[in-house]
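Below, each chain spelled out in residue letters.
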Amino acid sequence: MKVTIYGSGYVGLVSGACLAEAGNHVICVDIDAARVERLNRGEVPIHEPGLEALMHRNRDAGRLEFTNDTARAVEHGLFQLVCVGTPPDEDGSADLSHVLKVAQAIGAHLPRYAIVVTKSTVPVGTADQVRLQVQAGLSARGLAIEFDVVSNPEFLKEGAAIDDFMRPDRIVIGTDNPRTTELIRALYEPFTRNHDRLVVMDIRSAELTKYAANAMLATKISFMNELAAVAERVGADIEKVRIGIGSDPRIGYSFIYPGTGYGGSCFPKDVQALKRSADEVGYEASVLTAVERVNNRQKHVLFDKIKRHFGDLRGKTIALWGLAFKPNTDDMREAASRVLMEALWAAGARVRAYDPVAMPECARIYGTRPDLVLCKTSPEVVEGADALAIVTEWREFRSPDFDAIKAALRTPAIFDGRNLYDPAQMARAGFSYYAIGRGKPSIVSKS
Ligand SMILES: NC(=O)c1ccc[n+]([C@@H]2O[C@H](COP(=O)([O-])OP(=O)(O)OC[C@H]3O[C@@H](n4cnc5c(N)ncnc54)[C@H](O)[C@@H]3O)[C@@H](O)[C@H]2O)c1
């Protein structure tokens, strides 16, 4: 089948590569000419495990193309997948300008029947706006071409996106036309061979389902972070509490890890946009307001602990392990590391940082500055630093050489934003170890 994909970011590239792998002929179009040029040189602009090999294989087979020629792209696909960004507007609502520009382009160039499939995360009612824009373009051309608009929110997780697309838990389809359901079913059939995973509903419910999923996950995280704050103050260990509640099947173990707050390109903006959508219809979303407030506070927790430990931070050097908002990605959008680094710099401290894949992204965001040194390895970063802060739970940080860390640091202090280590073991090893929600730390000074 012929598929056009608008937007060559995380969702567009993963969807494009996976649909091409299933044998479809996919054209990915992006307005960012530099990005398209890189893609056509065979470079993959994002870090996503497994993506590069998939893209190369399908490009070589002629099933996956990249272009910035929108007219050609519109003419290509029976399926027109909209995967462009929906960043937050100034008031927190989702900025739909990219989505509506795509709809305009479709209206301006569509030659025959097509299904416009919105995979971008968009507020309820967006499908109606998309339909109007496409129709306006067709009417301006004096054409009566039929088309359908479908909501198909994407649930892939950065870092595991290929697997999520190839083996989805569910595929949510919002449609008002049974014929479209069958065509979409055929498109996704290669990924649902084991059993049917299509969840078909009306368009508005599908649009809301995506926000509901992200808001629920963000709520779980903020709930655990709130509980961690309480645990710390009453002398309990949140990790024990986590296991204690996770064993209840009604609660479950996933997404109840305390940490440095949620980040990335989705949860912060989607919680905000959902809150804004509720506001617009006269409903105050109190739970979402609290989720956001707890998260904003949580992003400062590591800095607060470091500040309390040292007092004056001027002239101090803090080593950072992890820059990405989570492991297995180079995405630093809304990452806790940024809040920490910026607070440290504002307090007069210097940062040495290491991340297995996000260092080019960090250099792109912050450029060269005297108070930031990017190191090539995790041991190098602690050399001569006053303390180590762990921000992202990359696997390689789980079992480090603590003797070497202790010898390299000026004071043996670790601020662990991901609860990677056992506090008792860390105390025995002679560290001042600060974790999230694990009772009072033992403080050690270097003799
Ligand atoms: N990243 C995720 O993990 C994830 C998961 C599920 C859903 N989503 C949602 O999917 C959407 C896309 O997210 P992303 O992370 O892939 O975004 P992204 O920022 O990585 O990529 C978006 C791409 O769209 C391009 N673009 C903008 N306007 C365009 C136009 N008119 N025509 C063609 N291309 C255009 C941009 O140049 C950019 O390359 C968002 O709504 C997001 O909320 C993201």
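If you're wondering where the values come from, they're calculated on a predicted model, not measured in any experiment.

Draft legend 1. Region of the structure containing helix H14 (residues 336–346). Of all the positions in H14, only Ala 336, Ser 337, Leu 340, Met 341, Ala 343, Leu 344 and Trp 345 are classed as buried. Immediately beyond the C-terminal end of H14, within one or two residues, lies Gly 348, with a positive phi of roughly 90°.

Draft legend 2. Representation of the pairing of strand S1 (residues 2–6) in the model. With four of its five residues buried, S1 lies for the most part within the structure. Across five bridges, the pairing between S1 and strand S2 (residues 25–29) is parallel. By the bridge assignment, Thr 4 is partnered in S2 with Ile 27. Inspection of the sheet shows S1 paired to strand S4 (residues 79–82) by four bridges, in the parallel sense. Considered in S4, the bridge of Val 3 is made with Phe 79.

Draft legend 3. How the structure looks around the packing of aromatic side chains. Counted under the stated rule, the structure contains 13 aromatic pairs. Centroid distance Phe 165 to Phe 191: 5.3 Å. Interplanar angle 85°. Geometry classified as edge-to-face. Of this pair, Phe 165 sits in helix H7 (residues 161–166) while Phe 191 sits in the loop between helix H8 (178–188) and strand S8 (198–201), placing them 26 residues apart in sequence. Taking relative accessible area as the criterion, Phe 165 reaches 4% and is therefore assigned buried. Overall, the relative accessible area of 7% leaves Phe 191 in the buried class. Judged by centre distance (4.9 Å) and plane angle (90°), the ring pair of Phe 402 and Tyr 421 falls under edge-to-face. Remark: Tyr 421 occurs in the loop between strand S13 (413–416) and helix H18 (423–428) and Phe 402 occurs in helix H17 (residues 402–408); sequence separation between them is 19 residues. Since its relative accessible area comes to 5%, Tyr 421 is described here as buried. Each member of the aromatic cluster is reached from another via a ring pair, and the members are Phe 402, Tyr 421, Phe 431 and Tyr 433.

Draft legend 4. Seen up close, the site of the ligand. The ligand sits among 26 residues. The nearest are Val 11, Asp 30, Thr 86, Glu 158 and Lys 269. Within the backbone of Gly 7, a nitrogen or oxygen atom sits 3.4 Å from a nitrogen atom of the ligand. The contact in question runs from an oxygen atom of the ligand to an N or O atom on the side chain of Lys 269, over 2.6 Å. In isolation the ligand exposes 840 Å². Once the protein is present, 88% of that is buried. Counting only elements with at least two residues in the shell around the ligand, the list comes to helix H1 (10–21) and helix H5 (97–109). Of the residues assigned to the shell around the ligand, the class counts are nine nonpolar, nine polar and eight charged.

Rules used throughout
- Starting afresh in each chain, residues are numbered from 1 along the sequence in its written order.
- Per-residue local features of the predicted model are confined to residues with pLDDT of at least 70, and side-chain atom pairs are confined, for both listing and counting, to 80 or more; whole-chain, interface and lining totals are unaffected and use all residues.
- Computation of side-chain values: all heavy atoms of the structure, hydrogens and water removed.
- A simple rule labels every residue: compare its accessible area, found with a 1.4 Å probe on the protein chains alone, to the largest value its type can have, and call it buried under 20%, exposed over 50%, or partly exposed in between.
- Where helices and strands are cited, they refer to DSSP runs of H or I of at least four residues and of E of at least two residues respectively, numbered from the N terminus.
- A pair of strands is considered paired only if DSSP assigns at least 2 bridges between the two.
- Pairing of aromatic side chains here covers Phe, Tyr and the six-membered ring of Trp, requires ring centres within 6.5 Å, and sorts the geometry by plane angle: under 30 degrees stacked, over 60 edge-to-face, intermediate tilted.
- When at least one non-hydrogen atom of a residue lies within 4 Å of a molecule or strand, that residue is treated as near it.
- Contacts described as polar in this section are N or O atom pairs within 3.5 Å, which, within protein, must combine one atom able to donate a hydrogen with one able to accept it, while residues neighboring in sequence count only if both atoms come from side chains.
- Note on areas: Shrake-Rupley, 1.4 Å probe, and residue coverage restricted to the protein chains presented here.
- As a working rule, the residues Ala, Val, Leu, Ile, Met, Phe, Trp, Tyr, Cys and Pro are called nonpolar, Asp, Glu, Lys and Arg charged, and the rest polar, with Gly in that last group.

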